[in-house]
Amino acid sequence: MATLRWGRSAAELSRALRSSGHPCTTAKEGILVGLWGSRRNSSASPCEQERRKDWGHVELLEVLEARVRQLQAESVSEVTVKRVEVTRIPADSGRAGGTPPPAKAELRIGGSWARKLDQDQQMLQKRQKLVREKLQAKGRFLAPEFKLKAKAKAKSPTKPSAMSMAAPKARSAATAKLPLSESQLVSKQPANRNDRTEEPAEEPVDWGPAQPCEAPLNLNRSEMQHSLKLSLEQQTRQRRLEAFLDCCLATEHMALASRVLTKQYSSPTKQGLITQAMCNTVMLGWARKGSYRELLSVLSIMKAGGFTPDLLSYASILQCLGRVDRDVVVIQRCLEQMAQDGLQLEQLFLEVTLSSEEKAAMLRAVLKAKPDFCPPQPSPQVNTSTLLREVYAKDGPVSYPRLHLPLETLKAMFRQQLSLELASVVHVESVEKVLSPTQKTLEARKTLDTLRRTWEAELHRQLQEAKARLAQLTEQGRPTLYPFLCVLPEDELVQMLLQFLNILPAQGEPFVYLVQRLAMKTFERHILQQRRCRGQLQELEQRYTQYLQLLASDTQMAEPCLPRQHWEMLGPPEPAPPQLWPMMDILSLGKLLLEILVQSVQLPPSLSLSQNSSQPVPMLYHVYTFRGIRQIGFLRPHPAFIQLLEDAAEPSLIFEATDMPMLCPPVPWSSSQSGGFLLSPTKLMRSVDGSLQHQNLLESCPPTELHGALDALTQLGNCAWRVNGRVLDLVLDIFRDKGSAHLGVPPPASEAPRPPLDNLPPDASPHRKAELRAEVTRCLKIAREMHSLWREALYRLSLAQHLRHQVFWLPHNMDFRGRTYPCPPHFNHLGSDLARALLEFAQGRPLGPHGLDWLKIHLINLTGFKKSEPLRARLAFANTMMDDILDSADQPMTGRKWWMDAEDPWQTLACCMEVARAVRSPDPAAFVSHLPIHQDGSCNGLQHYAALGRDSVGASSVNLATSDTPQDVYSGVAAQVEVFRTRDAKQGLKVAQVLEGFISRKVVKQTVMTVVYGVTLYGGRLQIEKRLRELENFPQVFVWEASRYLVHLVFRSLREMFSSTRTIQHWLTESARLISQAGSAVEWVTPLGIPIIQPYHKESKLVIRGGLQSITWNTSADVNQKPKVVKQKNGFPPNFIHSLDSCHMMLTALHCYRKGLTFVSVHDCFWTHACDVSVMNQVCREQFIRLHSQPILEDLSAFLVRRFCSADSAQPGTKGRLNSKLLEMLLAVPRKGDFDLEKVKTSTYFFS
Amino acid sequence: MRKDLGTVPHRFRSDSCPKLWPCEDRRESPPTSASHLFSKGYIVNPTLAATLVERLQLTENGHRHLIIECDPGHGILTKALLNTGASVIALQSDKKFIPHLKSLQEKLNGKLQVVYCDFFKMDPDNHNTVHPPVVLSQELFPSLGIEANSWSEDIPFKVIGTFPPNNERKALWKLLHDLYVCSSIYKYGRVELCMFISEKQYEKLAADPTNPDLYHVLSVLWQVSCKIKLLYKVSKILLHFKKKLYYISESIFRFLQHSSKYQNLCFVQIIPRKNLFTKYLTPINYDIFFHMVKQCFGRRSAFLTHHLHSLTPYDPVAILNEAGINTNFKSCEVYPQDYKHLFETIECSSDNDNKWLYDRVLENIEC
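Residues numbered from 1 in each chain as written. Chains lettered and ligands numbered in written order. Predicted model: local features only at pLDDT ≥ 70, side-chain atom pairs only at ≥ 80, totals over all residues. Heavy atoms only, no water.

Here is the rule: UniProt positions are given in the numbering used here, feature names are shortened, and annotations may be inferred rather than shown by experiment.
The name an unreviewed UniProt entry gives chain B is rRNA adenine N(6)-methyltransferase, with Fukomys damarensis as the organism. Among the UniProt annotations of chain B, the heading Sequence similarities (unreviewed entry) holds the following wording: "Belongs to the class I-like SAM-binding methyltransferase superfamily. rRNA adenine N(6)-methyltransferase family." Taken directly from UniProt, the Subcellular location (unreviewed entry) text for chain B runs: "Mitochondrion".

The name given to chain A in an unreviewed UniProt entry is DNA-directed RNA polymerase, and the organism recorded there is Fukomys damarensis. Per UniProt, the comment on chain A under Subcellular location (unreviewed entry) is "Mitochondrion". Taken from UniProt, the Catalytic activity (unreviewed entry) comment for chain A reads in full: "RNA(n) + a ribonucleoside 5'-triphosphate = RNA(n+1) + diphosphate".

Take a look at the structure:
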């Protein structure tokens, strides 16, 4: 009965709606009121009789009706208020506006909604019954307890509690469906005094009644239990739904979002998937639009789902209230409720990151209720760790460096960079040898142009089709890829897809990689789009310009401060960029896009290689290639297209804006997500695609903890660079000619060996033919490799040429261990010798009294000729070689070519030129030098181990102790190995005798170097085997046996020399083994405060079927998988040492900055100006001592115990045993030796 | 229409489908002790050995056969082979049997040679480090006095053995590559293989479009290159293999005993075809042929025309018409010899390098 009745009234409702599309007459409005009125009556009387028959349904209905009535009341009053306002101050309507005026199109939707409503209602009631039965059977449901009170207040107080259980859910489910139709309906009604007076009384139902204080706690717990119960698959679905709603929010498809959320909510199986975050997202969307009723309906879903509104929810509500300009009473009640929920108003402005426009709307609402409210300003917080105390000390000498450029120049640079990032791609002229275009070239370019236009049109068409298809599905309430497709303007998407064709290598690429790249690119552009649209550009410009005052050469600052501190003072933190979509969506989206691309691009028959075909052929073809039993799908461009590209020889290369160095100083890092490029997303910590663990860890740690890392990265990025033009000219000459393998300039693929295909006799044996085939393959492979090397060099050199007359910056970020890297991949100071030689500091410094000497010493260091000599000898050698040095500088390609024999020839040459210029200048001390001088740690990993274990012998062999000549640890190990060998040889061991005279520094070097980074006996043996094979007169039959013997000796020698190193390594390895065996990934915090987690897990597979091919995504970073014990265990020691060396580097960077030095690093190689080398060297040594004076291992042990040995160590069974074993292991911190760290202070060769 | 089919052996052809060996031999209870284990994995039943020798028809036309026996173990079959007058080279991969075989060798002056060698690991991809039992054919065969026959000549020798039960596929692929490039054993001519193979694998090898579920890449490539004939079928209970699985637990052993699918082993004869390289298929382009077949079976239910789009720039319909293949055929509906024919049609169509959209290096890319 009840259903029927509801159905009827709903039908009437829809009829009414349809008619109300026309301008309403009073008569019609009257009817409408009448209808509503009668329904309300019916709910009052006949229901009472029916209640006994069907408790559940009646209950449900009543709730629904009450809700409808209440909403009706609200919207009426709202409209009234608005009308009044409009008449009073017409000019103000724009600001208050947000509720869209009823339009015809929407009314039609409303009609279909209403029609659908009665069907849904029936369904809902059935489901509701099921749910209720289920719940009753379980006998526990936390949410209703307070809901019950709500009912008690709002409605009849005599209801049996068991019956009302299902009510809240039913109510909100129904109301959630209503908004659109209701809004259309009621907005047409005249103001009703009664309704208006009712409003305050009804309002509390929305806000939720006063709750006992424990309620939120209860709920949180239930929520937690809830999420624990969800299976992995459900969690994935939850994440996907969240991503879907986020995308809807970004693309302003709020109606779709609401619909999908409601649909989820009305399905008993999917109900549990709804999270508070989802509701918050949708609410924020409505808040931005100023749609108050829709927002309330989402709020009711949220509350019915058992969630208490949190800060984000209130922020949305207030923002919305600010936009729609509601009554003060409503706002006041909202604030009261918020206070009752234990949330402070100040928190809203401090903890929720909103754009300033949104904040303004929120403030507008708050000010109405509390006119004297003043939004709090965040107070800067300072890191308090002992290591960094000096860095952040307010007193003491501070001379932060400034750039050499005036403010106006920097501003212009900013605008240049901004427009570059807005365009998101950069065309860079290629440095390839250009011939003047022939007729053929011009024709090819024309053909290419026509083709691209055709493809563009086709892509547009296909994309629209796909969108229309998906939109239809989404309309039905199913989350699809539709909003993901809409995140970018269609035109941008099409251009992006077309660009993809240009960079596809001739041999093709695995389908799954392309899919992933395409989607990641879309996501990155999406973030860019977000930053671009929400009026953030002006804000950024303003803030950045103010920031530049700190760096420019011609401005004054009242108080010296670090770039990050200054940036933070200039404004609130930026809103966090959207979270990465789940891998499933990433891959599905990429696949969809790629399939559209494959379908759209075709070559006309005239271009295809065969003459007889008449049909257009696909430009991208899909093939399989096989690795054993694995079948891998490849996508390859048609050879005809490659040919066309080659013929066209387009003179420019296309780079992403993020692949380019920046043209203005990077934005300082102020949190884990903001810093680096102006708009393009940059992550503080790099990670494998799809892994969020590092990001989560960074976000969850207190912001001040990260200050050290943030400031260090900012400072590394603030170093200005320029291109060394003279070196570039020389390199370009060689590159455009035929390259030079010896000098590291890759020759073009045309220089590759050619297969001897032509001289095959026709009657050759099958075997001969097979040999020929192998030869052909080999040649092809070499050509491919040469081509990819050549291509890499082409990118680098083209970028260098492009930036030749500019100053540029390399924003930095770090890997998961804290090691720092420049973000632009092709052109940076981390590359090969050639890449490094192309760069120099844009800011020069006079050499000063000792600068020239350092320049010379650096030159000799680069040649690698005098490694074991003291500095004096190197300097003396440089002076004796001055003739050759000057000759190299003057006639690099025609002279005696001394520089070409150096270890790093191009850097040597650059240094020769600098030396030549310096000595020829009238006053070398005043000569302004731009060349970076390097100081290298000698076997830096072992240095850290030796310092950790206070290992006397080890320490002096890696130059921690004072010494006149540099110690060489490799020679030391070789000598020790030789001692063991002689002993064995005397005892008659064959292998030892054979090896006589073959043990050298070279044989053991690689193994010693890598032993710190966890090389195993197996790997070490392979390394030594390789060296022994290179020895000409070594009897090759013994290689295997000898290498096995030697690797044992090397390990034994290392154990003897670095006694505590091995102990520490063992301790780390075993701890990691136990931790990962217990099921956790190893985590730690570096002395500088960076949280680290090892992303090694068992491989998880993600399969997406259907379409062109099914794709499988393997990842080892999935936190839901068990940790991979072997990798966790072997990875821990090297990763830990890397995290220490990065700390050392960062500390040095921070202190150098405080002293006004220019400082950059390539891991354990520190760079600065020649005049500052001694200062940097001193800082570097001091900070090493500071770092290792900390109880590093003890801290680590304490942290691991806290993190991994919780109170449940008393657990029974294997788990308990494992736990106690772990505790025992963790507490057994290796003992230290007696090395005095202070000796480092006077060690000349520690870093040299 | 399918005249070329006559050469392809049909499964269960009445004359080549012997009855199952009676399996009442109950001595073969699940292994219990170590000494027991090591007698397993090899032919231990003289009657079976005699039957096999008979099937091999070694005594016909008075020819003196050269036979390479892989893993003879106890030498039961070896003795039977020697009795026919053949000379046998025993390649034994398990060191434990070497002394026993050596003693056998001493008794028979010259007709038996024993080498410590694993036939299926011969000529590995990386040539730098080989230790016995892994050997190089170019070192082994000359030392045994075997000379190479040309492809068109007679069969140089027979290889008798059993495919390693845990990776039959791998062994089949390795032999296939060796065969198409005439390297390793096939450098010595058209070597005949007489091998035990699991029934399931045999069915796959011999499958054609009439049983599309079993028809796959290996079927095409093997049938194109070789005549495959089933000589004998035997219940697996009589033979025990080295495969560790069989020792893991009694329950697994029992399961294998009772599941009929795994019980049977087929003794098959595989002789390379004389006419394999007479036309356009050569060791130079065999990899393209391999790729073509693999690509077609990558999506076996797709139309051949669809695959040809990814294989050649030519018009697929025209090509298929020229090769006389129905243009509506799917990959699994084309007979092996037709694949070869299709390949040769494209291959001979022009001298142009661009007749194939195939990239050799692609096969070596790591990903």
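**Examining the nonpolar core**
Residue and element names in this part refer to chain A. We count it as follows: Residue types Ala, Val, Leu, Ile, Met, Phe, Trp, Tyr and Cys, when buried and joined through side-chain atoms within 4.5 Å, form a set referred to as a nonpolar core. Each residue gets one of three labels from its accessible area relative to the maximum for its type: buried under 20%, exposed over 50%, partly exposed in between, using a 1.4 Å probe on protein chains only. Numbering goes from the N terminus for both helices and strands, where a helix is a DSSP run of H or I of at least four residues and a strand is a run of E of at least two. Residues count as neighbours in contact if any of their non-hydrogen atoms are within 4.5 Å of one another.
Ranked by size, the top nonpolar core spans 140 residues in total, and within it Leu 678, Leu 960 and Phe 1136 carry the most contacts. Counting residues per element, this core draws most heavily on helix 48 (residues 1125–1154), at 12 residues. Beyond its immediate chain neighbours, meaning those up to four positions away, Phe 1136 contacts Leu 948, Leu 1068, Trp 1084, Ile 1192, Leu 1193 and Leu 1196. Formed by 113 residues, the second largest nonpolar core is a distinct cluster that contains Leu 299, Ile 331, Ala 369 and Leu 470.

**Observations concerning the pattern of salt bridges**
Pairs can form between side chains of opposite charge whenever their charged atoms are close. Residues and elements named next belong to chain A. Selection criterion: One side-chain nitrogen of Lys or Arg within 4 Å of one carboxyl oxygen of Asp or Glu is enough to make a salt bridge.
On inspection of all chains with the given rule, the structure shows 47 salt bridges over all chains. A salt bridge links Asp 1141 to Arg 819; its shortest N-O distance comes to 3.1 Å. With Asp 1141 in helix 48 and Arg 819 in the loop between strand 10 (812–814) and strand 11 (820–822), this pair connects stretches of sequence that are 322 residues apart. Neither Asp 1141 nor Arg 819 differs from the other in exposure class; each is buried. Close ionic contact of Arg 1073 with Glu 1070 constitutes a salt bridge, the shortest N to O distance being 2.8 Å. Taken together, the residues Arg 1073 and Glu 1070, both in helix 47 (residues 1059–1077) and three residues apart, mark about one turn of the helix.

**Re the side chain of Ser1139(A)**
Residues and elements named next belong to chain A. Using the following cut-off: Counted as a polar contact is a pair of N or O atoms within 3.5 Å, where, for protein atoms, one must be capable of donating a hydrogen and the other of accepting one, and residues adjacent in sequence contribute only when both atoms are in side chains.
Here Ser 1139 lies in helix 48. A polar contact is formed between the side chain of Ser 1139 and the backbone oxygen of Phe 1136, at a distance of 2.6 Å. Contacts of Ser 1139, omitting those with residues within four sequence positions, involve Arg 817, Trp 1084, Thr 1086 and Ile 1092.

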